[in-house]
Amino acid sequence: MTAQRREERLIDVPIAVSAVNGAGLDRAGVQNLNNAQALIPNIQINQTPGNSFSPLISIRGLAPAADTSLARDQPVGLYLDGVPVAKSTGAAFDTVDLERIEVLRGPQGTLYGKNTIGGAVNMITRAPTGEFGGQVYLSYGSWGEFRRRISLDLPSIGTFKIKLGYSGRDTGGYWHNAATKKDFGEQSLNAGRIDILWEPSDNFSARYAYDISDAVGTPALLAISAPGSLPATSPFIAGRISQDRPGRNDVSADGARQSDFRTTGHALTLEYDMGDTPLGAVTLKSITARRTLQTRSRSDFDGTPTDLVRFILNNDYHAFSQEFQVIGTGQEVRYTLGAFYLKDRYYAFNPRWNFQFGGDRFDLSDRRGGSRSIAGYGQLTWSPGFAEDKLDLSVGLRWTQDRKQAEELFLANTAYAANPAAAGSGVFQRAANGTPITRSGQPAAGARPGAGGLGPYDLIPLERSDKWSQFNPEFNIVYKLRSDWTVYGRVATGFKSGGINDTASTNAAFNSPYDPEKLLSFEGGTKFSGFDRRLNLNLAVYHSIYKNFQAGVFVPELVTTNIINAGKAKFTGVEVEGNVRPFDGLVLNFGGGYLDARYTDFVLPSGVDVTDSYKIPLAPKWNYLVGGTYTIPLGSGPNLEFTGNWSWRSMQWATIAPNQLATRKAYGTLDGRIAITDIDLGNGSNLEVAVWGRNITDTKYWNSGIDLGVFAVRQWADPRSLGVEARVRF
């Protein structure tokens, strides 16, 4: 694996790491992050309410705010072939030809360009081989789900190797929306990738990759689960409340119209092997990348045919990153030095209609901004000769400077109509007495949508910029008890940049940036791979202390989350994972974790102490995964293969306030597959056919929930789905 920027054995890596190879990903049908948690323990992929293209990655209880504002840093980093994918929005892009996924837990900064405080997920694709070959994959399942994937390696052309890939997915969705005559969660996605590898000499290579994912669809189902300030007898929601999973035709939402996204990426990786130098064997590496994102959403948050709560959210984002690395290996020393630069810009158009009943007096949230991050990092590992290759001592250091800029224009229609000068009427430039300042000089009343004036863009948005910097050291030690058994310890610090609440509802909130989050983490563990690799076992214990913990406070009337700093929080946990091969043909895998996450000092800006009452959201106390693959030879060629995975997690809070209406209950899901593999087709080709099932036990659970005040809604997960698939490798 390459978790530490160089190839090494998993048991020699002094951090908690999970790795799944291509065969495991193929068995589970993993093409993007949304379904990765079914086979990787101690990670949770949360869903953003109303869409399926913004997975919220949570490791060790650290999850991003539920609305994935493009102004905010994520606690868990996502990388595609070493390129940071900086935002969760749009991260559900299809990856055409994955070789493996690596999940690193805990802060990652002294070996990675983009700093992350909670962990990292590395998605590594297969490089071109220069030999003709590839695979074709087709799958058809419940609700008209049709998947296809083609990967083609071309023969070398001189010193160039080229690989092409295509992936597509069409699905109809389980729940039907009578109001729009379409299904909830419909999606038609097409993705492509081209890899070009140039190797003009033995010590230099240049790899260029371009990827694109383009999806057109409808929002996920949101159904009212409980009344709030709007009583259950109200004619607007009477008969529309679903405390259990609704039936296929039970929900009709007039505003659920669109959920589209498009991502593109360019990446150029240059690698030069300098050979032996006075500083050891040295390799120079450069990673240059540009990524773009566009989303278009029209969502309904009431699950009724009446126009109660709906909004538009259109995002545009682009980022450029550059990273340089020096990777050296000496007789007793290994080192990595790096420099990193990232610059991004975003724009979000987000009008909201609250109880308009077809009217157009909307609230407007219009925001834009960007960030610039520069960093230098390094890690040095000493393997002293007197220890006979049994001891590794490592020190690392990182310096980061983040600069952020944001601009917000927010108008709350009802409050503005009552008094434009009131603090709650919106976010925009004001005179000393609170009166809005207009560009035209005309009366402020004309800026309200529907008032017949120039409209909200006659108001002047607020702007703000801030800068933060931090040094972060790290120390770890690895001792090999045997060649197949290691123990390790790690002390690391982490840093998540501060930020600006560009979804604020008042000028005061916008002008109150939140501070950086700081972490001191202690971790110890052991890794064992013995008995001819028939038993692999990894165990980790950690204790993390957070200062200025960034807590997300949900604002129901705005359907968004703002960040405030809690004083301190602590996360203590135990993780175990591994696999056992009791006899040839059977592999059993397992994993699980315990987490105690709590605030130790949390006083709200109002002065109220909520240390004991507020909760860490999306942090289940227990989770586990068990599964396995049993292979039976069918004569001299084909094999019959049975695969199953059961994944379970305990109850978890959805928001920091312990609101029962937004709580997720404990649930477990079972996925399975039966395949005949290695069917010889001649000429070096083989066929694999299979039947598969997801959520085979038809567990009824919701993967997100929101209390909007007037009522609560839930986003229900899909029921049981079944399908067939075929794969030809050549």
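Rules used in this analysis
- Residues numbered from 1 in each chain as written.
- Predicted model: local features only at pLDDT ≥ 70, side-chain atom pairs only at ≥ 80, totals over all residues.
- Heavy atoms only, no water.
- Helix = DSSP H or I, 4+ residues; strand = E, 2+ residues; numbered from the N terminus.
- Rg over C-alpha atoms; globule rule 2.2 N^0.38 Å.
- Areas by Shrake-Rupley, 256 points an atom, 1.4 Å probe, with all protein chains shown as cover.
- Lys, Arg positive; Asp, Glu negative; His and termini not counted.
- Charge placed at Lys NZ, Arg CZ, Asp CG, Glu CD.
- Phe/Tyr/Trp six-rings, centres within 6.5 Å; stacked < 30°, edge-to-face > 60°.
- Buried < 20%, exposed > 50% of the residue type's maximum accessible area, 1.4 Å probe, protein only.
- Lys NZ or Arg CZ within 6 Å of the ring centre and 35° of its normal.
- Pairing = 2+ DSSP bridges.
- Axes fitted to C-alpha atoms, helices over the stretch in contact; angles between N-to-C directions.
- Core = buried A, V, L, I, M, F, W, Y, C linked by side-chain atoms within 4.5 Å.
- Contact = heavy atoms within 4.5 Å.
- Salt bridge = Lys/Arg side-chain N within 4 Å of Asp/Glu carboxyl O.

Asker: Describe the overall build of the chain, naming the residues involved and giving the relevant values.
Answerer: Helix and strand counts for the chain stand at three helices and 36 strands. Against the 2.2 N^0.38 benchmark of 27 Å for 730 residues, the chain shows a C-alpha radius of gyration of 26 Å, consistent with a compact globule. On the principal axes, the C-alpha backbone points of the chain span a range of 75 × 55 × 55 Å. Split by element, the accessible area of the chain, about 28500 Å² in all, is 57% carbon and sulfur. Put simply, the chain has 74 plus and 72 minus side-chain charges, and the middle of one group is 3 Å from the middle of the other.

Asker: Tell me about the packing of aromatic side chains, residues and numbers included.
Answerer: Summed over the entire model, instances satisfying the criterion amount to 26 aromatic pairs. Centre to centre, the rings of tyrosine 667 and tyrosine 701 are 4.1 Å apart; their planes meet at 5°, and the pair counts as stacked. One end of the pair, tyrosine 667, is in strand β32 (residues 667–682); the other, tyrosine 701, is in the loop between β33 (685–694) and β34 (702–707), and 34 residues separate them in sequence. You'll find tyrosine 667 and tyrosine 701 in the same group, each marked buried. What links up through ring pairs into an aromatic cluster is the set Tyr546, Phe549, Phe571, Tyr599, Phe602 and Tyr614. Positioned above the aromatic ring of tyrosine 542, the side-chain terminus of arginine 60 is 4.0 Å from the ring centre. Taking the ring centre of tryptophan 353 as reference, the NZ or CZ of arginine 310 above it sits at 4.4 Å.

Asker: A description of the pairing of strand β31 (residues 639–649) should follow, citing residues and the corresponding values.
Answerer: The two faces of the sheet receive side chains in turn, since in a regular strand these alternate between them. Here β31 shows a clear split, with Asn639, Glu641, Thr643, Asn645, Ser647 and Arg649 buried on one side and none of Leu640, Phe642, Gly644, Trp646 and Trp648 buried on the other. Strand direction decides the pairing type here: strand β30 (residues 622–633) and β31, joined by eleven bridges, are antiparallel. Bridge pairing in β31 places asparagine 623 opposite arginine 649. Linking β30 to β31, which pair antiparallel, is a turn of five residues; within it glycine 635 sits at a positive phi near 80°.

Asker: I'd like a rundown of the sheet that holds strand β1 (residues 17–21), residues and numbers included.
Answerer: Across the sheet, which stays open at both edges, the five strands sit in the order β1-β6-β7-β4-β5 with mixed pairing between neighbours. Each edge of the open sheet is held by one strand with a lone partner, namely β1 and β5 (83–85). The sheet shows a mean angle of 20° between the axes of neighbouring strands, taken without regard to direction. Bridge count for strand β4 (residues 76–80) against strand β7 (residues 119–125) is five bridges, and the pairing is parallel. Looking at β7, one finds that leucine 78 is bridged to valine 121.

Asker: Which residues make up the nonpolar core, and what values do they have?
Answerer: Core analysis: the largest hydrophobic core is formed by 22 residues, its most contacted members being Ile40, Ile43, Ile57, Leu78, Ile101 and Val121. At the level of elements, β2 (43–47), β3 (55–59), β4, β6 (98–105) and β7 are the ones that each hand at least two residues to this core. Non-local contacts of isoleucine 43, meaning those with residues more than four positions away in its chain, are made with Gln37, Ile57, Ser58, Ile59, Val103, Val121 and Arg649. In this structure, Ile564, Tyr599, Phe602 and Ile656 belong to the second largest nonpolar core, which totals 19 residues.

Asker: I'd love a proper account of the pairing of β30, names of residues and values included.
Answerer: For strand β29 (residues 586–601) and β30, the ladder comprises nine bridges, and the chain directions are antiparallel. By the bridge assignment, leucine 588 is partnered in β30 with glycine 628.

Asker: Before we move on, can you summarise the pattern of salt bridges with the specific residues and values?
Answerer: Counted according to the given criterion, the structure contains 44 salt bridges. Two residues, aspartate 195 and arginine 207, come together in a salt bridge whose shortest N-O distance is 2.9 Å. With aspartate 195 in strand β13 (residues 187–201) and arginine 207 in strand β14 (residues 204–217), this residue pair connects regions lying twelve residues apart in the sequence. Like aspartate 195, the residue arginine 207 is buried in the burial classification.

Asker: Explain unusual backbone geometry to me, and be specific about the residues and the numbers.
Answerer: Phi at phenylalanine 531 is positive, roughly 55°, even though this residue is not glycine. Turning to its location among the elements, phenylalanine 531 is positioned in the loop between β26 (517–530) and β27 (535–555). Positive phi, close to 60°, is recorded for arginine 533, a residue that is not glycine. Relative to the assigned elements, arginine 533 resides in the loop between β26 and β27. Among the residues examined, arginine 533 registers a relative accessible area of 61% and is labelled exposed.

Asker: For the sheet that holds strand β15 (residues 223–227), give the residues involved together with the corresponding values.
Answerer: Pairing within the open sheet is antiparallel, and its three strands lie in the order β15-β35-β34. Edge positions in the sheet fall to β15 and β34, since each has one partner strand and no second. Direction aside, the axes of adjacent strands within the sheet are offset by 25° on average. Judged from the five bridges that link them, β34 and strand β35 (residues 711–716) form a sheet pairing that is antiparallel. If you follow glycine 705 over to β35, its bridge partner there is arginine 714.

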